[in-house]
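For reference, the chains in residue letters:
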Amino acid sequence: MKMNAYQAEKIANILSTIKEKSPFYKMKFKGIDLSKIKTQEDFEKLPFTDKDDLRDAYPLGLKAVPEKDIVRIHSSSGTTGTPVIIPYTKKDVEDWGVMFERCYKMAGLDPEDIVQITPGYGLWTAGIGFQYGAEKLGAMVIPMGPGNTDKQIKMMLDLHSTVLCATSSYALLLSEEIKKRGIRDNIRLKKGVIGSERWGDKMRERIADDLGVELYDIYGLTEIYGPGIGISCSYENGIHMWDDYLYFEVIDPKTGKVLPDGQEGELVITTLLKEGAPLIRYRTHDLTRIMTGGCPCGSGYPRIDIITGRTDDMVKIKGTNIFPAQFDGVLSGMENVESEYQVMIDHLDGKDIVTVFFETKLPEEKRPALEKEAAKRLKEVIGITAVPKAVNVGDLPRSEKKTNRIFDNRY
Ligand code: ZN
C-alpha cells in the first residue's frame with residue numbers, strides 16, 4: 001500500500017525524536033541514521049520490531065515519555081514467560097477510544113444501543129477498550145466480562161441487550177445455549193461485534209442464525225492500542241483499518257519483503273500517533289492481505305482481509321507447511337460437518353499421525369462414510385493423510401478466550 005503524505009509526515013516526525021525518547025529504539029536503531037529515511041523505500045529497510053524484542057524491554061523499557069505522563073498500562077498474555085507491558089498516555093487512551101467509537105459507528109451502533117461486553121477486564125486490553133468506545137458513543141454498557149453463562153443470559157433478557165461483544169468461541173457458546181433454552185424470540189440482540197480470531201464461514205453462519213444478528217469482525221492487538229483499530233462493514237468485505245492512526249504493510253514472513261497489495265502475508269503495523277510506546281514496523285504474525293479496490297459501503301478507509309491464521313500457528317506435517325485455515329477450508333465445504341473442529345498431531349513409531357476431530361449431527365452408523373469422505377478431501381486439498389473422527393455436536397471444547405484448534409503433541 002502506498003504511504004500517503006499524511007502518514008509520511010507523521011512517520012518523519014516520530015523518527016526525528018524516537019532515539020531520544022525511547023531507550024528501546026535507541027538500542028534497536030543503533031548505527032542507523034534515521035535522518036536519511038526519506039522515502040517509503042527507505043522506510044522499508046528499517047528493521048522490524050517483534051514481540052520478543054518487547055519482552056526484553058520488560059517492565060517499562062518501551063516507554064517513550066516521562067513516567068509521570070503514563071496513565072495506564074496493559075499487558076499482553078504472557079503464554080511464554082515474560083509478559084509485554086505497553087504504557088499509555090492520556091492521549092493514547094483517548095485516541096484508542098476515538099478509533100473504537102468509529103468501529104461501533106461503522107457497525108451501525110448508536111446511543112440507543114445496549115452493549116453487553118463479554119471479553120475480559122484486567123491487564124489485557126479487551127473489555128475496557130470495548131467499554132470506553134461504547135461510552136464515547138453514548139451507548140449503554142453492560143460490563144459483564146467473560147463466563148457465567150446463566151448471568152449473561154439473564155442480563156441479556158432483563159436489560160434487552162442489543163449488541164453482543166465477544167470472541168467467536170464465546171459467541172458460539174452463548175448462541176448454542178440460547179438455542180437450547182428456546183429463548184431466541186425473547187432476546188433483542190441485533191448485532192455481534194466479534195474479536196477477529198480466525199473463524200470459519202460455518203461458525204459465522206451458525207452464530208448469526210442462532211442469535212439472529214449481523215456480525216462484525218473487530219481487529220486489534222494489545223501492542224497496538226488493543227481491539228478497535230479496524231472493523232468490517234455491513235458488506236463483510238474485509239476489515240476497514242484506521243490508517244490515520246496506523247500505517248500498514250504486508251510482508252513475506254520468511255524474507256521480510258513488502259508484498260504487493262492483494263498478496264497474502266504477515267501484517268506489519270507502525271503507529272503514527274502513539275506516545276507511550278510507539279512501535280515501528282511491528283510484526284503482528286497475523287496472516288492477511290491488503291484488499292484492492294473500493295468497498296461498496298463507500299468508506300475510504302483501506303481494508304485488509306479477514307485474518308486467515310497466524311504465522312506461528314503454521315505446523316509442518318510430513319514436510320508440508322500447513323495452516324489451521326486449510327483444515328477449516330476443507331471441512332467448511334462439507335455437508336453434515338459442523339463448524340467446530342480440532343486437529344491433533346502425534347508422533348508414533350517414527351510417523352506423524354494427524355487426527356482431525358469434527359462435529360456432526362449424523363447418527364453413529366452414518367459417520368464412517370463421512371469420515372472417509374473427509375479423509376479423501378484432506379488428501380486432495382491439503383495433501384496430507386489424516387484420520388478424521390466424527391463426534392457429537394458439543395463434544396469439542398468452546399472457550400471464553402481464543403480457541404486453539406491445532407494441538408501439536410510431537411515435541
Ligand atoms: Zn466497507
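Below is a short write-up of the structure. (Residues numbered from 1 in each chain as written. Predicted model: local features only at pLDDT ≥ 70, side-chain atom pairs only at ≥ 80, totals over all residues. Heavy atoms only, no water.)

Examining the coordination of the zinc ion
- Coordination of the zinc ion by the protein is provided by Cys233 (SG), His240 (NE2), Cys295 (SG) and Cys297 (SG), with metal-donor distances spanning 2.1 to 2.3 Å.
- Sequence positions of the residues that donate to the zinc ion give the spacing C-x6-H-x54-C-x1-C. With a gap of 57 residues between them, His240 in strand 9 (residues 239-241) and Cys297 in the loop between strand 13 (290-291) and strand 14 (303-304) connect regions that are remote in the sequence.
- Looking at His240, the relative accessible area reads 0%, which means it is buried. (Donors = N, O, S within 2.8 Å, 3.2 Å for Na, K, Ca; no water. Helix = DSSP H or I, 4+ residues; strand = E, 2+ residues; numbered from the N terminus. Buried < 20%, exposed > 50% of the residue type's maximum accessible area, 1.4 Å probe, protein only.)

Regarding the packing of helix 7 (residues 149-158) against helix 8 (residues 168-180)
- Taken N-terminus to C-terminus, the directions of helix 7 and helix 8 make an angle of 70°; their axes are 11 Å apart at the nearest point. In terms of their interaxial angle, helix 7 and helix 8 are classed as roughly perpendicular. Residues Thr149, Gln152, Ile153 and Met156 of helix 7 form the contact with helix 8, whose participating residues are Tyr170, Leu173, Leu174, Glu177 and Ile178.
- In the contact of helix 7 with helix 8, the residues fall into 6 nonpolar, 2 polar and 1 charged. (Axes fitted to C-alpha atoms, helices over the stretch in contact; angles between N-to-C directions. Parallel < 35°, antiparallel > 145°, perpendicular 65-115°, else oblique. Contact = heavy atoms within 4.5 Å. Nonpolar A, V, L, I, M, F, W, Y, C, P; charged D, E, K, R; others polar.)

Looking at the environment of Gly226
- Locating Gly226 in the fold gives a position in strand 8 (residues 226-232).
- In the structure, Gly226 is positioned 100 residues away from Ala126 in sequence and 6.7 Å away in space, judged by C-alpha atoms.
- Contacts of Gly226, omitting those with residues within four sequence positions, involve Tyr88, Trp96, Thr125, Tyr219, Gly220 and Leu221.

Observations concerning the pattern of salt bridges
- Evaluated as defined, the whole model comprises 30 salt bridges.
- Put simply, Lys91 and Asp95 hold a salt bridge, and the shortest N to O gap is 2.8 Å. Note that Lys91 and Asp95 are positioned in helix 5 (residues 90-106) at a spacing of 4 residues, about one turn of the helix.
- Under the relative-accessibility criterion, Lys91 is labelled partly exposed at 35%.
- Judged by relative accessible area, which is 8%, Asp95 ranks as buried.
- Of the charged contacts in the structure, one is a salt bridge between Asp352 and Arg410, with a shortest N-O distance of 3.0 Å. With Asp352 in strand 19 (residues 351-360) and Arg410 in the segment after strand 21 (406-408), this pair connects stretches of sequence that are 58 residues apart. (Salt bridge = Lys/Arg side-chain N within 4 Å of Asp/Glu carboxyl O.)

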